[in-house]
Amino acid sequence: MQITFAASESTPLAKTGGLADVVGALPPELVKLGHQVTVYLPFYARIRRLIEGEPNYAVRSITVPFRSYNRFAGVVDGGKRDGVQYFFVDCPELFDRKELYGAAGVDYADNAERFALFCRAVIEASKLLGVPNVFHVHDWQAALIPVYLRTTYLDDPVLRSAATVLTIHNAAYQGKFPPVTTEQLLFPWEIFTMDQVEQFDRFNFLKGGVVFSDLLTTVSRKYAEEIQTAEFGELLEGVLLKRAADLHGILNGVDYTQWNPAVDGHLAAHYTPENLEGKRICRADLLHAFGLEKVADTTPVIGIVSRLATQKGFGIVAKIVEELADRDLAVVALGTGDPYYENLFRGWAFRHPATVAVQIRYDDALAHKIEAGADMFLMPSLYEPCGLNQMYSLRYGTVPIVRATGGLDDTIEEWDAVKGTGTGFKFEGYDPEALLIEIDRALEAFRDRRGWTRLMRNGMARDYGWSGPAKEYVRVYEEAVQRKT
Ligand code: ADP
């Protein structure tokens, strides 16, 4: 099968979140399964910088018409990596900027135009460079591809049989713009209705993708259910519910070449499920890195690595920080984000310097040290489409304490001390009291060393690599293609 990815991010070229990890990791897995995969990305300044010398253009100029002018996009041949062909949509006035989506917390004012151009250029480039069996488009930035294919390009004989699959990585980001966008992007006003692209008098890119794609996926089974409800659907629940039968939840995979305590280059020592000795060394190294050397061996260390955002559940953590400080535990936290939560952590550490420490920055090496050196990992998210850190934690024998939402619910199984089954601790309601009860449960379990070792090993044995998810995506592509024939 030929599959074309269109996305606004991919590791290692341009990343702001989990979307980039999926677009970086899934295509090579599909190639391993015998498929041909092409990835289109915008030619951002940071990608341009990676290319030595002049870019090699596969297509010099594609005309993308807007209401009162044309823009012109080139297609840069980014070459092949791991068998995957990369193309970059070049339009310097739209993409040759420092950031991907906006600066100083404000979105670029022309984002509708930027990503509409990207979508149209991908379609036009495909006509010249190869129309795939499936366009796999990601998030709102690429969601207009299915809309164009079912409107502007409906009668194009070479595109007619191409199927579309849209993956929603986070339903909270939808790309909402004023109604006049319809006209500026040369769409017929007929699609500006509440059962197509309109939502509360806004032109909504993601909604268009949901309505016009052949099949939909999101990044966990639980999140697929949740976004069909008012609580998590971000006002898309209506259209998502209508398409419930076409919506599949497929977990993101973990890149175990990067996240494996047996070989991880960031660690002070290596360890395996059979020989956990190295984890004690990692713990000492971690406590040293955070200046918490005095924490006793019998005191559990809770790790946090996160964007500091309300989504990640810090609203309920904020309510119990003093209760936690009274308990026999230590906390090491790494994150950046909302100044309110940054200050919450700073204040917490300031009041309890012997047991709570925080570093406010982005630091990949330290994230690895926390995964390895902590005893428990806290992730009480308000919502979590998939989540990666809880899966990393499992592999590192660091027991996750999570809220039962999205991918956290799908990947963590509650520990049962009697049967010796389960991989972590999981609570339901978004409520500080429920979180505290769950943490207390974990602290009690920690005191039983044999049981705890069993719990660690249960998690370490789980396999959340990409090979399973890649096969699930292929099944979705096959179904989408079948519907077209
Ligand atoms: P999200 O994509 O919603 O932020 P995920 O759990 O899916 O959450 O992925 C977050 C990724 O970013 C993980 O790889 C995590 O280790 C990393 N990360 C988040 N904050 C930091 C930080 N301050 N320093 C290093 N890595 C971080």
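Bear in mind the structure is a predicted one, so any value in this text is a computation, not a measurement.

S.K.: What is the right way to read the packing of aromatic side chains from this model?
M.R.: Both the distance between ring centres and the angle between the ring planes are used here to describe each pair of aromatic rings. Going through the model one piece at a time under the given rule, you end up with 25 aromatic pairs. Ring geometry for tryptophan 189 versus phenylalanine 192: centroids 5.6 Å apart, planes at 90 degrees, classification edge-to-face. Between phenylalanine 345 and tryptophan 348, the aromatic rings sit 5.9 Å apart at their centres with planes inclined by 50 degrees, giving tilted as the arrangement. Remark: tryptophan 348 and phenylalanine 345 occur in helix α14 (residues 339-351); sequence separation between them is 3 residues, near one turn of the helix.

S.K.: When you look at the sheet that holds strand β11 (residues 198-199) in this model, what are you seeing that I'm missing?
M.R.: Strand pairing in a sheet takes place through backbone hydrogen bonds and is either antiparallel or parallel in direction. Overall, antiparallel pairing links the 3 strands, which are arranged β10-β12-β11 in an open sheet. Single-partner strands in this sheet number two, and they are β10 (176-177) and β11. Seen against the sheet, helix α8 (residues 205-212) touches β10, β11 and β12 (202-204) and runs at an angle of roughly 55 degrees to β12.

S.K.: Whenever I open this one, the side chain of aspartate 375 confuses me. Can you help?
M.R.: Among the secondary structure elements, aspartate 375 is positioned in the loop between α15 (364-373) and β18 (376-379). When near neighbours in sequence (up to four residues on either side) are disregarded, aspartate 375 contacts Arg283, Thr299, Pro300, Val301, Gly397, Thr398, Val399, Phe446 and Trp452.

S.K.: Looking at this model, I keep getting lost on the site of the ligand. Mind explaining?
M.R.: In the vicinity of the ligand there are 18 residues, among which Arg307, Lys312, Arg361, Asp363 and Leu388 approach most closely. Here an oxygen atom of the ligand sits 2.8 Å away from a polar atom, N or O, in the side chain of lysine 312. The separation between an oxygen atom of the ligand and a polar main-chain atom of leucine 388 is 3.0 Å. For the ligand, whose free accessible area comes to 570 Å², the fraction covered by protein is 89%. Where the shell around the ligand is concerned, the elements lending two or more residues are β15 (301-308), β16 (330-337), α15 and α16 (389-395). Ranked by the residues each element gives to the shell around the ligand, the list is headed by β15, at 3 residues. Residues of the shell around the ligand, tallied by class, amount to 7 nonpolar, 5 polar and 6 charged.

S.K.: Would you take a moment to explain the sheet that holds strand β2 (residues 36-42) for this structure?
M.R.: Sheet architecture is open: 9 strands sit in the order β3-β4-β5-β2-β1-β8-β9-β13-β14, paired in mixed fashion. The sheet is open, and its two borders are formed by β3 (57-65) and β14 (247-249), each paired with just one other strand. In this sheet, adjacent strand axes meet at a mean angle of 25 degrees when their direction is disregarded. As paired strands, strand β4 (residues 70-81) and strand β5 (residues 84-90) are joined by 7 bridges and run antiparallel to one another. When the bridges of β5 are listed, arginine 81 appears paired with valine 84. Its contacts with the sheet put helix α20 (residues 467-484) on β1 (2-6), β8 (134-138), β9 (163-168), β13 (215-218) and β14, and the angle it makes with β9 is roughly 140 degrees.

S.K.: Help me out: how do you make sense of the pattern of salt bridges in this one?
M.R.: Any two side chains of opposite charge can pair if their charged atoms end up close together. The tally for this structure, following the rule as stated, stands at 31 salt bridges. As a salt-bridge pair, lysine 15 and aspartate 21 come within 2.9 Å of each other at their nearest N and O atoms. Classification of lysine 15 by relative accessible area gives partly exposed; the value is 37%. Residue class for aspartate 21 comes out partly exposed when judged on its relative accessible area of 22%. Residues arginine 221 and glutamate 225 are paired through a salt bridge, measuring 3.2 Å at the closest nitrogen-oxygen approach. Taken together, the positions of arginine 221 and glutamate 225, both in helix α9 (residues 221-226) and 4 residues apart, correspond to about one turn of that helix. Of the residues examined, glutamate 225 reaches a relative accessible area of 43% and is grouped as partly exposed. When salt bridges with common partners are traced through the structure, they connect Arg243, Asp246, Glu479 and Arg483 into a single cluster.

Parameters at a glance
- Residues numbered from 1 in each chain as written.
- Predicted model: local features only at pLDDT ≥ 70, side-chain atom pairs only at ≥ 80, totals over all residues.
- Heavy atoms only, no water.
- Phe/Tyr/Trp six-rings, centres within 6.5 Å; stacked < 30°, edge-to-face > 60°.
- Helix = DSSP H or I, 4+ residues; strand = E, 2+ residues; numbered from the N terminus.
- Pairing = 2+ DSSP bridges.
- Contact = heavy atoms within 4.5 Å.
- Axes fitted to C-alpha atoms, helices over the stretch in contact; angles between N-to-C directions.
- Near = heavy atom within 4 Å.
- Polar contact = N/O pair within 3.5 Å; in protein donor to acceptor, adjacent residues only side chain to side chain.
- Areas by Shrake-Rupley, 256 points an atom, 1.4 Å probe, with all protein chains shown as cover.
- Nonpolar A, V, L, I, M, F, W, Y, C, P; charged D, E, K, R; others polar.
- Salt bridge = Lys/Arg side-chain N within 4 Å of Asp/Glu carboxyl O.
- Buried < 20%, exposed > 50% of the residue type's maximum accessible area, 1.4 Å probe, protein only.

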